[in-house]
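Architecture at a glance
Take a look at the letters that make up each chain.
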Number of protein chains: 2
Amino acid sequence: MSRIVTVGAAQLGPIALAESRAQVVERMIAHLRTAKARGCDLVVFPELALTTFFPRWFMAEQEKIDAFFEREMPGPDTRPLFDEAKRLGLAFCLGYAELTEEAGRTRHFNTAILVDKQGEIVGKYRKIHLPGHAEHEPWRAFQHLEKRYFETGNLGFPVFEALGGRFGMCICNDRRWPETYRVMGLQNVEMVLLGYNTPVHNPPAPEHDRLGWHHNQLVMQAGAYQNATWVVGVAKAGNEEGVPMIGGTQIIAPTGETVAIAVTDQDELVTAACDLDLGLTFKRSVFDFARHREPQHYGLIVETKGPVETGAADAQPGRRTPAAAK
Amino acid sequence: MSRIVTVGAAQLGPIALAESRAQVVERMIAHLRTAKARGCDLVVFPELALTTFFPRWFMAEQEKIDAFFEREMPGPDTRPLFDEAKRLGLAFCLGYAELTEEAGRTRHFNTAILVDKQGEIVGKYRKIHLPGHAEHEPWRAFQHLEKRYFETGNLGFPVFEALGGRFGMCICNDRRWPETYRVMGLQNVEMVLLGYNTPVHNPPAPEHDRLGWHHNQLVMQAGAYQNATWVVGVAKAGNEEGVPMIGGTQIIAPTGETVAIAVTDQDELVTAACDLDLGLTFKRSVFDFARHREPQHYGLIVETKGPVETGAADAQPGRRTPAAAK
């Protein structure tokens, strides 16, 4: 017996700074209707899907920054999206900038939610691996100020029961870190939903700009295979306010194979019928974690943030780290 | 200033059960001489390189099993390899079955050593992720009894200073686990040396046999990129005692690109001049661990071996794992 969830990966082309949320929601509703016509159960939108990718600009005034954030979800501009999805019987995953009062202060997160077919928010994730920098760096062609505008997520990497399966979320730079997928894999995740905004050009290491597509596919395929899970990666694509992005929206099977992929840098829906049971043969053989993992040797992964100079985490006899240089 | 280590990945074709260690060492010495002529500093041999891959057979008598193990390294049969490498001024990495007395008992490990240009053993690794099974399973076309014939390695994932750089080792199935590379990455590894024996056919999940090559490349490229390290993967290839293996020996750069790859299933040397500094731009930008990792959210990776039913490792407020099924 298979458990099929038909997924629409709803790539968005560029969103102009001048574009209103209501205009963007119109584009998203068009995706919902196409998805319904193609038999989807679930539609996945990109990271920060409601506005242009604002961390590319340095802004001094908090009021200007906060204008890109949502104070309620749904709010007046996003209510039509929730209503239409509910009317069509579609679940969806949405990335947005979240402004909230928590622990007695105002907080800013880069957030994704999972909304079920009844229009209820059944899962929330707040981005943990914030890339970029915290201070204005005028030498860059454009900024990447996520470390300035957002706090590190405080919800861990939870998984959620929905649509008859087990779903996790992560956002953009999270996908480059194997720990992201593994923490969800250890909760038996069956499908990871993730949106991203990835420029072609990375100012601190421009010599690798040619590799953006390769790295995007590599990390998502590896995360899928190594945790026997589906991965749905959804891009904001195209040239947004002068910054070209890599696009490459794709749906990846637990085999590590890309089974559907976008071919434009515009609004484009790619779909796949995803059998949530497809990962089971891996989970019962090569990736039967309970039989094959050896966590007693993984200590460094949690004991240090940056690199260590000695392998002090593992005091097994015979350890020779670091050996004297020869 | 670059630090170039020229590496020879010394793929071996099949080794027959009837082939003696002295015969295999002759083949390895031929590799050394080719490597010297091609300007190599370091030659990497496969896992269990001195004999046929014996875990494919169930053997009841310990004496028969132990005949595949080395009691000393170098021993009479392997001394010529050490001597020739030293004469040529070549470092090498060798995989073999190790029988040793330790903690008052006889122990069996699947081991790799790093030998420097002066012929000194400067690093040892004992395989941690043992694949396969521990009991005879006659339904299989062939066995994979690593869990019967070997103990789990007890040296962690150490790194070693050699050849002006920092080297790590792992073996075969270790390469499928992102934890392997990450523990070495957190020790600033610059090159991971690994040998493997991977059959095309995996009896518990034959529906994935078509994917062996894809998975091999995927996990090694991801491990290289995500830790900004070179990876040298060296196969025992070809049809060995009726069991075809995937081959695919390759050298992978810290960019995640395969820069040299074998095209036969026989003894074949592929080489690359590897700049150990190539990973630095990654280590200083997207994979600057000290800036970007968030180990407070990675707890599950070490707190559990198999999957958990609840996300108890992360008690952050707002966590909803597992949510009630909708």
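All of these numbers come straight from a predicted model, not from anything done at the bench. (Residues numbered from 1 in each chain as written. Chains lettered and ligands numbered in written order. Predicted model: local features only at pLDDT ≥ 70, side-chain atom pairs only at ≥ 80, totals over all residues. Heavy atoms only, no water.)

Among the residues of helix 3 (residues 79-88) of chain A, those classed as buried are A:Leu81, A:Phe82, A:Glu84, A:Ala85 and A:Leu88. Of the residues flanking the end of helix 3 of chain A, it is A:Gly89, one or two places downstream, whose phi is positive at about 70 degrees. (Buried < 20%, exposed > 50% of the residue type's maximum accessible area, 1.4 Å probe, protein only. Helix = DSSP H or I, 4+ residues; strand = E, 2+ residues; numbered from the N terminus.)

Residues and elements named next belong to chain A. By the secondary structure assignment, Phe68 is in the loop between helix 2 (62-66) and helix 3. Residue classification places Phe68 among the buried positions, given a relative accessible area of 13%. Setting aside residues no more than four positions away along its own chain, Phe68 makes contact with Leu17, Arg21, Thr51, Thr52, Phe54, Met59 and Ala97. (Contact = heavy atoms within 4.5 Å.)

Now for the pattern of salt bridges. The final tally for this structure, using the stated rule, is 54 salt bridges over all chains. Residue B:Arg27 is joined to B:Glu19 by a salt bridge in which the shortest nitrogen-to-oxygen separation is 2.8 Å. A relative accessible area of 18% means that B:Arg27 is categorised as buried. B:Glu151 serves as the salt-bridge partner of B:Arg107, at 2.8 Å between the closest nitrogen and oxygen. In this pair, B:Arg107 is assigned in strand 4 (residues 105-115) and B:Glu151 in the loop between helix 4 (146-149) and strand 6 (159-162), connecting sequence segments 44 residues apart. A relative accessible area of 11% means that B:Arg107 is categorised as buried. The structure contains a network of salt bridges with shared partners spanning A:Glu98, A:Glu102, A:Arg105, A:Arg107, A:Lys124, A:Arg126 and A:Glu151. (Salt bridge = Lys/Arg side-chain N within 4 Å of Asp/Glu carboxyl O.)

Of note, the bond from A:Met73 into A:Pro74 is cis; its omega dihedral lies within 30 degrees of zero at -5 degrees. You can see A:Pro74 is positioned in the loop between helix 2 and helix 3. We note that A:Glu241 has phi near 50 degrees; this positive angle belongs to a residue other than glycine. Secondary-structure assignment places A:Glu241 in the loop between strand 10 (237-240) and strand 11 (243-246). Although it is not a glycine, B:Asn188 adopts a positive phi angle of roughly 60 degrees.

Looking now at the sheet that holds strand 2 (residues 42-44) of chain A. All names here are of chain A. With mixed pairing, the six strands of this open sheet are ordered in space as 5-4-3-2-1-14. Each end of this open sheet is capped by a strand with a single partner; those strands are strand 5 (121-126) and strand 14 (268-275). Direction aside, neighbouring strands of the sheet carry axes that sit 35 degrees apart on average. Direction of pairing for strand 4 (residues 105-115) relative to strand 5: antiparallel, over a ladder of five bridges. Looking across to strand 5, one finds that Ala112 is bridged to Tyr125. In this fold helix 1 (residues 21-37) packs onto strand 1 (4-11), strand 2, strand 3 (91-102) and strand 14, with an angle of close to 45 degrees to the strand it touches most, strand 14. (Pairing = 2+ DSSP bridges. Axes fitted to C-alpha atoms, helices over the stretch in contact; angles between N-to-C directions.)

Quick look at the interface of chain A and chain B now. Between chain A and chain B, the contact holds 87 residues from the first and 86 residues from the second. Where chain A packs against chain B, one counts 34 residue pairs in polar contact (both at pLDDT 80 or more). Where the side of chain A that touches chain B is concerned, the elements lending two or more residues are strand 5, strand 6 (159-162), helix 5 (178-185), helix 6 (212-227), helix 7 (280-283), helix 8 (289-292) and helix 9 (300-303) of chain A. At eight residues, helix 6 of chain A tops the list of elements feeding residues into the side of chain A that touches chain B. Split into classes, the residues belonging to the side of chain A that touches chain B amount to 38 nonpolar, 30 polar and 19 charged. (Polar contact = N/O pair within 3.5 Å; in protein donor to acceptor, adjacent residues only side chain to side chain. Nonpolar A, V, L, I, M, F, W, Y, C, P; charged D, E, K, R; others polar.)

A word on the relation of the copies chain A and chain B. Structural alignment of chain A on chain B gives an RMSD of 0.0 Å, achieved by rotating through 180 degrees and translating 0.0 Å along the axis. The transformation relating the two chain copies, once decomposed into turn and shift, fits a two-fold axis. Taken as a fraction of all interface residues of chain A, those also at the interface in chain B reach 99%, which identifies the copy contact as same-surface. (Least-squares fit on C-alpha atoms with pLDDT ≥ 70 in both.)

Let us look at the side chain of A:Arg293. By secondary structure assignment, the location of A:Arg293 is in the loop between helix 8 and helix 9. The class for A:Arg293 is buried, based on a relative accessible area of 0%. A polar contact is formed between the side chain of A:Arg293 and the side chain of B:Glu179, at a distance of 2.9 Å. Separated by 2.8 Å, the side chain of A:Arg293 and the backbone oxygen of B:Thr304 make a polar contact. Dropping the residues within four chain positions of it, A:Arg293 is found in contact with A:Arg182, A:Leu186, A:Tyr298, B:Trp177, B:Glu179, B:Ile301, B:Thr304 and B:Lys305.

Okay, the pairing of strand 8 (residues 191-196) of chain B next. If a strand is regular, its side chains alternate between the two faces of the sheet. Residues and elements named next belong to chain B. Taken across its six residues, strand 8 has six buried, putting it largely inside the fold. Of the two faces of strand 8, both are covered, the one formed by Met191, Leu193 and Gly195 as well as the one formed by Val192, Leu194 and Tyr196. What joins strand 7 (residues 165-171) to strand 8 is helix 5 (residues 178-185), and the crossover it makes is right-handed. Running through helix 6 (residues 212-227), the crossover from strand 8 to the neighbouring parallel element strand 9 (residues 230-235) is right-handed. (Right-handed = clockwise from strand over helix to strand, strands pointing away.)

Take the UniProt feature "domain: CN hydrolase" (unreviewed entry) in chain A next. Mapped onto this numbering, the UniProt entry annotates "domain: CN hydrolase" (unreviewed entry) at residues 5-278 of chain A. Helix makes up 22% of residues 5-278 of chain A and strand makes up 31%, while its end C-alpha atoms are separated by 12 Å. (UniProt positions renumbered as here; feature names shortened; annotations may be inferred.)

Here helix 5 of chain A crosses helix 5 of chain B at 135 degrees, and the two axes come no closer than 11 Å. If you check the angle between helix 5 of chain A and helix 5 of chain B, you find them oblique. Considering how the two elements wind past one another, helix 5 of chain A and helix 5 of chain B form a crossing that is left-handed. Facing A:Pro178, A:Glu179 and A:Arg182 of helix 5 of chain A, the residues of helix 5 of chain B in contact are B:Pro178, B:Glu179 and B:Arg182. (Parallel < 35°, antiparallel > 145°, perpendicular 65-115°, else oblique. Left-handed = near helix turned anticlockwise from the far one by under 90°.)

Here the focus is the sheet that holds strand 3 (residues 91-102) of chain B. Note: strands within a sheet are paired through backbone hydrogen bonds, in either parallel or antiparallel orientation. Residues and elements named next belong to chain B. Overall, mixed pairing links the six strands, which are arranged 5-4-3-2-1-14 in an open sheet. Only two strands of the sheet have a single partner each, and these edge strands are strand 5 (121-126) and strand 14 (268-275). Between one strand axis and the next, the sheet turns by 35 degrees as a mean value, whatever way the strands run. In the sheet, strand 1 (residues 4-11) pairs with strand 14 via eight bridges, with the strands oriented antiparallel. Within the sheet, the bridge partner assigned to Ala9 lies in strand 14 and is Val270. In this fold helix 1 (residues 21-37) packs onto strand 1, strand 2 (42-44), strand 3 and strand 14, with an angle of close to 45 degrees to the strand it touches most, strand 14. Contacts between helix 3 (residues 79-88) and the sheet are confined to strand 3, strand 4 and strand 5, with strand 3 contributing the most and set at about 145 degrees to the helix.

Let us now look at the packing of helix 5 of chain B against helix 6 of chain B. Residue and element names in this part refer to chain B. Between helix 5 and helix 6, whose axes approach to 9 Å, the crossing angle comes to 25 degrees. Between helix 5 and helix 6, the crossing angle belongs to the class labelled roughly parallel. Relative to helix 6, the crossing made by helix 5 is right-handed. For the pair helix 5 and helix 6, the contacting residues are Tyr181, Arg182 and Gly185 in the first and Val219, Met220, Gly223, Gln226 and Asn227 in the second.

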